[in-house]
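Close look at the chain arrangement
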Amino acid sequence: MTIILKNPEGLPEIDVYRQVAIASGSKLVFIAGQVAWDAAGKTIGQGDLAAQVEQCYLNIATALDGAGGSFDDVAKLTFYVVDWTADKMSPLLAGISRAAAKLGVTPVPPTTLIGVAALDTPEHLVEIEATAVLD
């Protein structure tokens, strides 16, 4: 296993991610921010944050597979959410849960969430980028 995820004593334990990822692999994989596009470039889930988060995760899984990895290799995720407010946490977590169920994973690497004014197109509500470490 190239990534060990943990919550060190002295830091708060967060349900949806771990505070630290310890990477020991030799190949870094940087995945561009993924939006809710399908393979044809059509936006999935217009106006639906949960559906867009789910599609972003599926796109990240596809990118990881193309690099020879999986969600087990993810060391860090960064979320960019348009007009972030606390009430968006529930649909964001719902999208993660749906994607995790489809992918058969428990994605809990360290995560940063950043509220932004806008993304590449007005219909995109979220963009997620990933960094992975492979052997």
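The structure this text deals with has already been given above.
Treat the numbers as computed from the prediction; the structure is a model and nothing was measured. (Residues numbered from 1 in each chain as written. Predicted model: local features only at pLDDT ≥ 70, side-chain atom pairs only at ≥ 80, totals over all residues. Heavy atoms only, no water.)

Quick look at the sheet that holds strand S4 (residues 74–82)
The pairing of strands in a sheet happens through backbone hydrogen bonds and is either parallel or antiparallel. Judged by pairing direction, the sheet is mixed, and its four strands sit side by side in the order S3-S6-S4-S5 without closing on themselves. Of all the strands in the sheet, just strand S3 (27–34) and strand S5 (111–116) have a single pairing partner and so form its edges. This sheet shows a mean twist of 10 degrees between the axes of neighbouring strands, independent of strand direction. Examined bridge by bridge, S4 and S5 share six bridges and lie parallel to one another. The residue of S5 that forms the bridge with Val82 is Val116. (Pairing = 2+ DSSP bridges. Helix = DSSP H or I, 4+ residues; strand = E, 2+ residues; numbered from the N terminus. Axes fitted to C-alpha atoms, helices over the stretch in contact; angles between N-to-C directions.)

Focus: helix H2 (residues 89–103)
Every α-helix carries 3.6 residues per turn, so stepping three or four residues along brings you back to the same face. In a regular helix each residue adds 1.5 Å, so 15 residues correspond to 21 Å; H2 covers 21 Å between its end C-alpha atoms and thus fits that length. Where H2 is buried, its residues meet helix H1 (49–66), S4 and S5. (Expected span 1.5 Å × (residues − 1). Contact = heavy atoms within 4.5 Å.)

Regarding unusual backbone geometry
Even without a glycine there, the phi angle at Asp83 is positive, about 50 degrees. Its place among the elements puts Asp83 in the loop between S4 and H2.

Quick word on the nonpolar core
Val53, Tyr57, Ile60, Leu77, Phe79, Val126 and Ile128 are the most contacted members of the largest nonpolar core, which totals 22 residues. Those elements that place two or more of their residues in this core are S3, H1, S4, H2 and strand S6 (126–134). Among the elements that line this core, the one with the most residues is H1, at seven residues. Residues within four places of Phe79 in sequence aside, it is in contact with Tyr57, Leu92, Ile96, Thr111, Thr112, Leu113, Ile114, Val126, Glu127 and Ile128. (Core = buried A, V, L, I, M, F, W, Y, C linked by side-chain atoms within 4.5 Å. Buried < 20%, exposed > 50% of the residue type's maximum accessible area, 1.4 Å probe, protein only.)

Quick look at the side chain of Glu54
Along the chain, the position of Glu54 falls in helix H1. Of the residues examined, Glu54 reaches a relative accessible area of 9% and is grouped as buried. Ignoring any residue separated from it by four or fewer positions in sequence, one finds Glu54 in contact with Gly95, Arg98, Ala99 and Lys102.

Digging into the pattern of salt bridges
Taken as a whole and judged by the stated rule, the model has two salt bridges. Here Arg98 and Glu54 are joined by a salt bridge, their closest N and O atoms 2.9 Å apart. A residue pair is termed long-range when its members are at least 10 positions apart, and Arg98 in helix H2 and Glu54 in helix H1 qualify at 44 residues. Between Glu54 and Lys102 there is a salt bridge, with its nearest N and O atoms 2.7 Å apart. Here Lys102 lies in helix H2 and Glu54 lies in helix H1, a separation of 48 residues in the sequence. Since its relative accessible area comes to 58%, Lys102 is described here as exposed. (Salt bridge = Lys/Arg side-chain N within 4 Å of Asp/Glu carboxyl O.)

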